[in-house]
Amino acid sequence: MSSNTGSSSTPTQPVLFVPHGAGPCFFMEWNPKDTWQGMAHFLENISSTLPARPTAIVMISGHWQTPAFSITAGEAPHLIYDYYGFPEHTYSLSYPAPGAPALAKRVEELLTHAGLASQQDAKQGFDHGMFIPLKLMFPDADIPVVQLSLREDLDPAAHIAAGEALAPLRDEGVLIIGSGMSFHNMRGYGDARFTAPSEVFDTWLTHAVEADPAERRAKLTQWSHAPHALSCHPAGEEEHLMPLLVAAGAAGQDAGHKVYSEQVLKTQLSAYRFG
């Protein structure tokens, strides 16, 4: 738990970066059967590690990119089944979490105050990078959720700055979650040639996350220079790493720690918590 505190009735929430798996992987048969069980178990147990039930969730998914930061502002956003070639039943999965228009406005105001252009989008739905992990984390779908897009230039400093702008929400009981993958090279999954590079990058990434805040910011801003970085996140396709940078920005002075790590499809995948 963070060393900072909100009001006496609203503990400060941590910040999370979680893996969201492959499409609807947790809700279908897989071979081997246990491929995603460890990750699913981690996601299912997150709520028990929080200081209190979140008042709301701000989620940053690797699957929504816009020219300027955008925020879902609808009262009941629809689901976007943005995965392809999966079993028919996975296109009728539901997650009727309410939106939070007032929170969306507050997110926009915080970003604007930080000098970051942003806009609300009342028509945008929730993509699978949001609803798939949340179905495991908060299956009752009764916590209001706002989704924040990535900026399509994928500028590391801008995404860290966006997280820094959103940090005050934590003291209001809002849980900020980055949803992506610490390794995301579609050509590498299941290929043993990527096992060692993914492990080396994972070690570097963990050291960066667990460094003091100033060093953490510097390292993550220059993440592409890390060993095997571009093998794990090819240039121009690093969108699944950017939610971690937003999360790290929102962490402020709180320490970061690896809270899950596992080899899946011959690649090392990790999750991190700040505070």
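Above this text sits the structure in question.
Only a predicted model underlies this, so the values are computations on that prediction, with no experimental measurement involved.

Visitor: Please explain the environment of A196 as it appears in this structure.
Guide: Tracing the chain through its elements places A196 in helix α5 (residues 195-209). Of the residues examined, A196 reaches a relative accessible area of 45% and is grouped as partly exposed. A C-alpha to C-alpha distance of 9.4 Å links A196 and H228, two positions 32 residues apart in sequence.

Visitor: Can you walk me through the layout of surface pockets in this structure?
Guide: The gaps left among the atoms become clear once a water-sized probe is rolled over them. Of the voids in this model, the largest pocket is the one considered here, and its volume is about 300 Å³. Forming the boundary of the largest pocket are 18 residues, of which G21, A22, G23, H184 and M186 lie nearest the centre. Looking at the lining of the largest pocket, its residues break down into nine nonpolar, seven polar and two charged. Its volume calculated, the second largest pocket comes out at about 160 Å³. Lining the second largest pocket we find C25, F26, M28, E29, W30, K33, W36, Q37 and A40. Tallied by class, residues from the lining of the second largest pocket come to six nonpolar, one polar and two charged.

Visitor: So what exactly am I meant to see when it comes to helix α1 (residues 37-45) here?
Guide: Structural remark: α-helix, 3.6 residues per turn; residues separated by three or four positions point the same way. Looking only at α1, the buried set comprises M39, A40, F42 and L43. Looking straight down α1, one finds that the buried residues subtend no more than 160 degrees of arc, so they occupy a single side. Looking at the buried residues of α1, the elements they touch are β1 (15-19), α3 (128-137), β7 (256-264) and β8 (267-274).

Visitor: Help me out: how do you make sense of the packing of helix α4 (residues 156-166) against helix α8 (residues 242-250) in this one?
Guide: A pair of packed helices is captured by two measures, namely the crossing angle of their axes and the spacing between those axes. Taken N-terminus to C-terminus, the directions of α4 and α8 make an angle of 45 degrees; their axes are 6 Å apart at the nearest point. Of the possible angle classes, the one that applies to α4 and α8 is oblique. Between α4 and α8 lies a crossing whose hand is right-handed. For the pair α4 and α8, contact is made by P156, H159, I160, G163 and E164 and by M242, L245, V246, G249 and A250, respectively.

Visitor: What is the right way to look at the pairing of β7 in this model?
Guide: In summary, the side chains of a regular strand alternate between the two faces of the sheet. Across eight bridges, the pairing between β7 and β8 is antiparallel. Residue pairing in the sheet places Y260 in a bridge with A271 of β8. Counting the residues between successive antiparallel strands, the hairpin from β7 to β8 contains two residues, one of them, L265, with a positive phi of roughly 50 degrees.

Visitor: What's the story with the side chain of H159 in this structure? I'm lost.
Guide: Assignment of secondary structure puts H159 in helix α4. Of the polar contacts made by the side chain of H159, one reaches the backbone nitrogen of R151; its length is 3.0 Å. Within polar-contact distance, the side chain of H159 engages the backbone oxygen of D155 at 2.7 Å.

Visitor: Explanation requested: the pairing of strand β5 (residues 145-151) in the structure shown.
Guide: With seven of its seven residues buried, β5 lies for the most part within the structure. Taken together, the six bridges between strand β2 (residues 56-66) and β5 define a ladder with parallel strand orientation. Considered in β5, the bridge of V58 is made with V146.

Visitor: Which parts of the structure should I look at to understand the pattern of salt bridges?
Guide: Once their charged atoms are close, side chains differing in charge can pair, the charge on each being opposite to the other. One pass over the structure, following the stated rule, counts nine salt bridges. R151 is the salt-bridge partner of D153, the closest N and O atoms lying 2.8 Å from each other. Judged by relative accessible area, which is 43%, D153 ranks as partly exposed. Here K219 ties to E215 by a salt bridge, and the two come within 3.7 Å at their closest N and O atoms.

Visitor: Please clarify how the packing of aromatic side chains should be interpreted in this entry.
Guide: Here a ring pair, both rings aromatic, is described through the centre-centre distance and the interplanar angle of the planes. Counted under the stated rule, the structure contains twelve aromatic pairs. Between Y83 and Y91 the ring centres are 5.1 Å apart and the planes differ by 45 degrees, which places this aromatic pair in the tilted class. When its relative accessible area of 3% is taken as the criterion, Y83 is described as buried. Classification of Y91 by relative accessible area gives partly exposed; the value is 29%. Consider the rings of F183 and F194, whose centres lie 6.2 Å apart with planes at 80 degrees: the pair is edge-to-face. Taken together, the positions of F183 in the loop between β6 (174-180) and α5 and F194 in the loop between β6 and α5 put the pair eleven residues apart, joining distant regions of the chain. Accessibility expressed as a relative area gives 1% for F183, which makes it buried. Joined through ring pairs, the aromatic side chains of Y81, Y83, F86, Y91 and F131 make up one cluster. The aromatic ring of F27 is capped on one face by K135, whose charged end is 5.4 Å from the ring centroid.

Reading the values: the criteria
- Residues numbered from 1 in each chain as written.
- Predicted model: local features only at pLDDT ≥ 70, side-chain atom pairs only at ≥ 80, totals over all residues.
- Heavy atoms only, no water.
- Helix = DSSP H or I, 4+ residues; strand = E, 2+ residues; numbered from the N terminus.
- Buried < 20%, exposed > 50% of the residue type's maximum accessible area, 1.4 Å probe, protein only.
- 1 Å grid on protein atoms, 1.4 Å probe; cavity = no way out; pocket = protein on both sides within 12 Å on 5 of 7 lines; lining within 4 Å.
- Points joined across faces, edges and corners; volume = space filled by probe spheres on them.
- Nonpolar A, V, L, I, M, F, W, Y, C, P; charged D, E, K, R; others polar.
- Arc of directions from axis to C-beta.
- Contact = heavy atoms within 4.5 Å.
- Axes fitted to C-alpha atoms, helices over the stretch in contact; angles between N-to-C directions.
- Parallel < 35°, antiparallel > 145°, perpendicular 65-115°, else oblique.
- Left-handed = near helix turned anticlockwise from the far one by under 90°.
- Pairing = 2+ DSSP bridges.
- Polar contact = N/O pair within 3.5 Å; in protein donor to acceptor, adjacent residues only side chain to side chain.
- Salt bridge = Lys/Arg side-chain N within 4 Å of Asp/Glu carboxyl O.
- Phe/Tyr/Trp six-rings, centres within 6.5 Å; stacked < 30°, edge-to-face > 60°.
- Lys NZ or Arg CZ within 6 Å of the ring centre and 35° of its normal.

Any link to function would need more than the numbers given here.
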